[in-house]
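Given next are the chains, with one letter for each unit.
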Amino acid sequence: MLTIRKLKQHFLSRQFLLFLIVGCINTFNGTFFAYLFSLYKIDANTSFILGYLTSLSIAYYLNCKFVFKESWKKDKYIRFCLSYIPNFIIQNVVVLFFYNYMNFLPVFSYLLAAIIGVPVTFLIVKIFAFKR
């Protein structure tokens, strides 16, 4: 179980700050791509999924280069993508709820989903994908 000290060590670090910056870039990318897909009359939920998947490769590159300072490797890319499954589930549930039931605009639903999923994703990516 993670202690308060361990949580501080993870979340009050330069690495987490860089992860947040990359996350902001990725949130923009995912939101932008989701918006582009929605312009083709694809429903908001499907647009979110497509935008999410499109931005995942960019996120991996940025995390390798700036956050974890590691070279691109196929096995890490696969673990990275797998690390985002819980984040995807969390974010998709948020989009489904806030867009479908609360009638938020799609873009606000996408952004709220990203904000909620980030801390969970950081720990999973750090521990599972980059083995730290």
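Just above sits the structure.
Here the structure is a predicted model, which means the values were calculated and not measured. (Residues numbered from 1 in each chain as written. Predicted model: local features only at pLDDT ≥ 70, side-chain atom pairs only at ≥ 80, totals over all residues. Heavy atoms only, no water.)

Q: Got a minute to help me understand the nonpolar core in this structure?
A: Note that soluble globular proteins tend to have their nonpolar side chains buried in a common cluster. Phe-19, Phe-80, Tyr-84, Val-125 and Phe-130 are the most contacted members of the largest nonpolar core, which has 27 residues in total. Within the residue set of this core, elements represented by two or more residues are α2 (14-39), α3 (44-67), α4 (74-101) and α5 (106-129). The biggest single contributor to this core is α3, with nine residues. Every residue in contact with Tyr-84, bar those within four places of it in the chain, is listed here: Phe-19, Tyr-52, Leu-56, Asn-63, Thr-121 and Val-125. (Core = buried A, V, L, I, M, F, W, Y, C linked by side-chain atoms within 4.5 Å. Buried < 20%, exposed > 50% of the residue type's maximum accessible area, 1.4 Å probe, protein only. Helix = DSSP H or I, 4+ residues; strand = E, 2+ residues; numbered from the N terminus. Contact = heavy atoms within 4.5 Å.)

Q: Sorry, what's going on with the packing of aromatic side chains here?
A: How two aromatic rings sit relative to each other is given by the distance of their centres and the angle of their planes. In this structure the tally under the stated criterion is 20 aromatic pairs. For the ring pair Phe-48 and Tyr-52, a centre distance of 5.9 Å and an interplane angle of 50 degrees mean the geometry is tilted. Of the two residues, Phe-48 and Tyr-52 both sit in helix α3, four residues apart, roughly one turn of that helix. The class for Tyr-52 is buried, based on a relative accessible area of 9%. Ring geometry for Phe-68 and Phe-130: centres 4.2 Å apart, planes at 15 degrees, overall stacked. A residue pair is termed long-range when its members are at least 10 positions apart, and Phe-68 in the loop between α3 and α4 and Phe-130 in the segment after α5 qualify at 62 residues. Linked through ring pairs, Phe-48, Tyr-52, Tyr-60, Phe-68, Trp-72, Tyr-77, Phe-80, Tyr-84, Phe-88, Tyr-110 and Phe-130 together constitute an aromatic cluster. (Phe/Tyr/Trp six-rings, centres within 6.5 Å; stacked < 30°, edge-to-face > 60°.)

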